[in-house]
Amino acid sequence: MYKDSEGNKRSEEGKKEPHQHQSSNRTDRPEDQWKFRAPYKIHDDKGGENFEAKWKGKCHCGAVQYELSREKPLASKYCHCTTCQRMHGAPFQWAAIFHKTDINFVRGHHDLGWYDPTAKSTTHHLPCKVQCAYCRTPIMDEGRNMILLFPTLIEGINTPEGRKAFEVQSHMFYQQRVVDVKDGKPKYKGLAGESNLVDEETGEEIEGSNPKERKEGEEK
Ligand SMILES: [Zn+2]
Ligand SMILES: [Zn+2]
């Protein structure tokens, strides 16, 4: 036995566990209980739940593996905001929205790391980014009510079925883009459905095209 940095007694066996770089290992305090709730709750047969895996995903090193019980996301979008550009090291982010209960991380909260981009802290404070703690592959964004998964981790994503299920409906924060995408999908200046559209040919913002304002106008 030895004592870890937080004074917990641990077995030598425990030393072999992957190190949690970004968050405390502790699970005994009330403030740690989120680790056992969705989306980190492990769905197994013991609870008598029927979690039927429709899709499977994993990080680059394979430490983080998950299953999805939903055939297709609630929505799928490309986000061109500068935070996504920087945090993904990519021109834009591809995010598929799911309920927190749609995902089963095979090892629960283990091997995951968290980052709160608002406070720039490595704590589990929502909304936050979730990565593999070992290979640092971005896994998802965890919002207050939903999760936004990155579909390129999913097995079979580049099959006709995968492409169809995860096809995007729109682009958001298109004004911040580093590349132009001419795919005929709606391109919002800011949040999808809540900001003006951008014309993909001219790159100009289309005045009065905000669906939310239009709807409110009709209701008046
Ligand atoms: Zn990994
Ligand atoms: Zn973004």
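All of these numbers come straight from a predicted model, not from anything done at the bench.

A. Geometry of the overall build of the chain. Looking only at helices and strands, one finds four helices and 14 strands in the chain. Relative to its full complement of 220 residues, the chain shows a buried share of 40%. Counting contacts in the chain only where the partners sit at least 6 residues apart, residues at least 24 apart contribute 49% of the total. On the chain, roughly 12,900 Å² of surface is accessible, and the fraction owed to carbon and sulfur atoms is 49%.

B. Representation of the packing of aromatic side chains. Tallied over the entire structure, the rule returns nine aromatic pairs. On the numbers, 6.2 Å between centres and 45 degrees between planes, the contact of Phe98 with Phe166 is tilted. Here Phe98 is found in strand β6 (residues 93-99), whereas its partner Phe166 is found in the loop between α3 (160-165) and β12 (170-172), with 68 residues between them in sequence. Phe166 carries the same exposure label as Phe98, and that label is buried. Through pairs of rings, three or more aromatic residues link up here, namely Trp34, Tyr40, Tyr66, Phe105 and Trp114. The ring of Tyr174 carries Lys187 above its face, with NZ or CZ at 5.8 Å from the centroid.

C. Spatial organisation of the coordination of the zinc ion (ligand 2). Within the protein, the zinc ion (ligand 2) binds to Cys79 (SG), Cys81 (SG) and Cys84 (SG); these donor distances fall in the range 2.2 to 2.3 Å. In the primary sequence, the donor residues of the zinc ion (ligand 2) line up as C-x1-C-x2-C. Owing to a relative accessible area of 14%, Cys81 belongs among the buried residues under this scheme.

D. Up close: the nonpolar core. Among the nonpolar cores identified, the biggest contains 26 residues, and Tyr66, Leu68, Phe105, Ile139 and Phe166 are the most heavily contacted of them. If you list the elements that add at least two residues to this core, you get β4 (65-68), β6, β7 (103-105), β8 (112-115), β9 (128-132), β10 (138-142) and β11 (146-149). For this core, the element with the highest residue contribution is β9, accounting for three residues.

E. The arrangement of the sheet that holds β10 in detail. Read across the sheet, seven strands follow the order β8-β9-β10-β11-β6-β5-β12 without closing on themselves; strand pairing throughout is mixed. Only two strands of the sheet have a single neighbouring strand rather than two, namely β8 and β12. In this sheet, neighbouring strand axes are inclined to one another by 30 degrees on average, regardless of whether the strands run parallel or antiparallel. Pairing of β8 with β9 involves four bridges; the strand directions are antiparallel.

F. Unusual backbone geometry, seen in detail. In this chain, Ala38 is followed by Pro39 through a cis amide linkage whose omega measures 5 degrees. By the secondary structure assignment, Pro39 is in the loop between α1 (12-15) and β3 (55-58). Between Leu126 and the following residue, Pro127, the backbone shows a cis peptide bond with an omega angle of -5 degrees. A positive phi angle is found at Lys120, which is not glycine, with a value near 55 degrees. On the secondary structure map, Lys120 appears in the loop between β8 and β9.

About the cut-offs
Residues numbered from 1 in each chain as written. Chains lettered and ligands numbered in written order. Predicted model: local features only at pLDDT ≥ 70, side-chain atom pairs only at ≥ 80, totals over all residues. Heavy atoms only, no water. Helix = DSSP H or I, 4+ residues; strand = E, 2+ residues; numbered from the N terminus. Buried < 20%, exposed > 50% of the residue type's maximum accessible area, 1.4 Å probe, protein only. Contact = heavy atoms within 4.5 Å. Areas by Shrake-Rupley, 256 points an atom, 1.4 Å probe, with all protein chains shown as cover. Phe/Tyr/Trp six-rings, centres within 6.5 Å; stacked < 30°, edge-to-face > 60°. Lys NZ or Arg CZ within 6 Å of the ring centre and 35° of its normal. Donors = N, O, S within 2.8 Å, 3.2 Å for Na, K, Ca; no water. Core = buried A, V, L, I, M, F, W, Y, C linked by side-chain atoms within 4.5 Å. Pairing = 2+ DSSP bridges. Axes fitted to C-alpha atoms, helices over the stretch in contact; angles between N-to-C directions.

Spatial relationships are all this shows, so hold off on functional conclusions.
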